[in-house]
Each structure stands twice: as structure tokens, then as C-alpha cells.
Amino acid sequence: MTKEQLLKMDFEDAIRVLSEESNFITSYDTLKDFAVEKLKDDNVGLALHILEAIYNTYGEWYDYDYCMGTLETPTPLLTIEDLEDYCEQEEQQ
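Residues numbered from 1 in each chain as written. Predicted model: local features only at pLDDT ≥ 70, side-chain atom pairs only at ≥ 80, totals over all residues. Heavy atoms only, no water.

*Asks:* Let's hear about the overall build of the protein chain: which residues, and what values?
*Replies:* Regarding its fold elements, the protein chain presents four helices and three strands. When the elements of the protein chain are put in sequence order from the N terminus, they spell out α-α-β-α-α-β-β. Overall size of the protein chain, expressed as C-alpha extent along the three principal axes, is 55 × 20 × 20 Å. Expressed as a percentage of its 93 residues, the buried residues of the protein chain come to 34%. By element, 47% of the accessible surface of the protein chain is carried by carbon and sulfur atoms, the whole surface being about 6,300 Å². Looking at the protein chain, you have 6 positive and 23 negative side-chain charges, and the mean spots of the two groups are 5 Å apart. (Helix = DSSP H or I, 4+ residues; strand = E, 2+ residues; numbered from the N terminus. Buried < 20%, exposed > 50% of the residue type's maximum accessible area, 1.4 Å probe, protein only. Areas by Shrake-Rupley, 256 points an atom, 1.4 Å probe, with all protein chains shown as cover. Lys, Arg positive; Asp, Glu negative; His and termini not counted. Charge placed at Lys NZ, Arg CZ, Asp CG, Glu CD.)

*Asks:* Help me get a handle on the environment of Glu-52, residues and values and all.
*Replies:* Within the secondary structure layout, Glu-52 lies in helix α4 (residues 44–56). Considered as a pair, Glu-52 and Asp-33 are 19 residues apart in the sequence and their alpha carbons are 14 Å apart.

*Asks:* Describe the packing of aromatic side chains, with residues and values.
*Replies:* A full pass over the atoms with the stated rule returns three aromatic pairs. With a centroid separation of 5.1 Å and 80° between ring planes, the pair formed by Tyr-64 and Tyr-66 is classed as edge-to-face. Ring-pair connections join several aromatic residues into one group, and the members of that group are Phe-34, Tyr-64 and Tyr-66. (Phe/Tyr/Trp six-rings, centres within 6.5 Å; stacked < 30°, edge-to-face > 60°.)

What follows is the structure in C-alpha cells.
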């Protein structure tokens, strides 16, 4: 999706499309389930890191790289402007 296409959409439609295109956009429920799994795996530190992030900055959608573990903190995505970084670069004519 290009930035131009993004700006023509409402947030919910845009986030759903971009979540399918990007591995870094994740839902609250997916993050919460991930934290529960980490807790079951006895990785309490990572579980706590994720749970604190979603508790302190509630959103329905987050930017998070699961490969980074505690080196990255989930960041809520709340507005269309938050999604611009996930858009393809538009080609110069």
C-alpha cells in the first residue's frame, strides 16, 4: 500500500491491510497470547515486558518485532499517521 492509498482509507481498514503485509503490526490479542505462551515457557522476563507494555499503553494494534524480545517494546498504533512508515515508497515520475 502506498501512502496515497493509506490516506484514502479509515484507520481500521488500513491497519487490517497493513497487518497482512507487515510482520511488525500485531494485535493486542496476539501480543497477549504471546506473553501467556512465554509465561508458560518460563520466560517470565519477556512475558512481563510485553504485559507491562500493553498495560501501560493500551491500544488494539501494536508495532512489535517478535524476534527482538526485550530489546524492543511494543508501541501502540493509534492513528493513520502511525501507519505511514509501513507504506511502500511511491515511485518518482
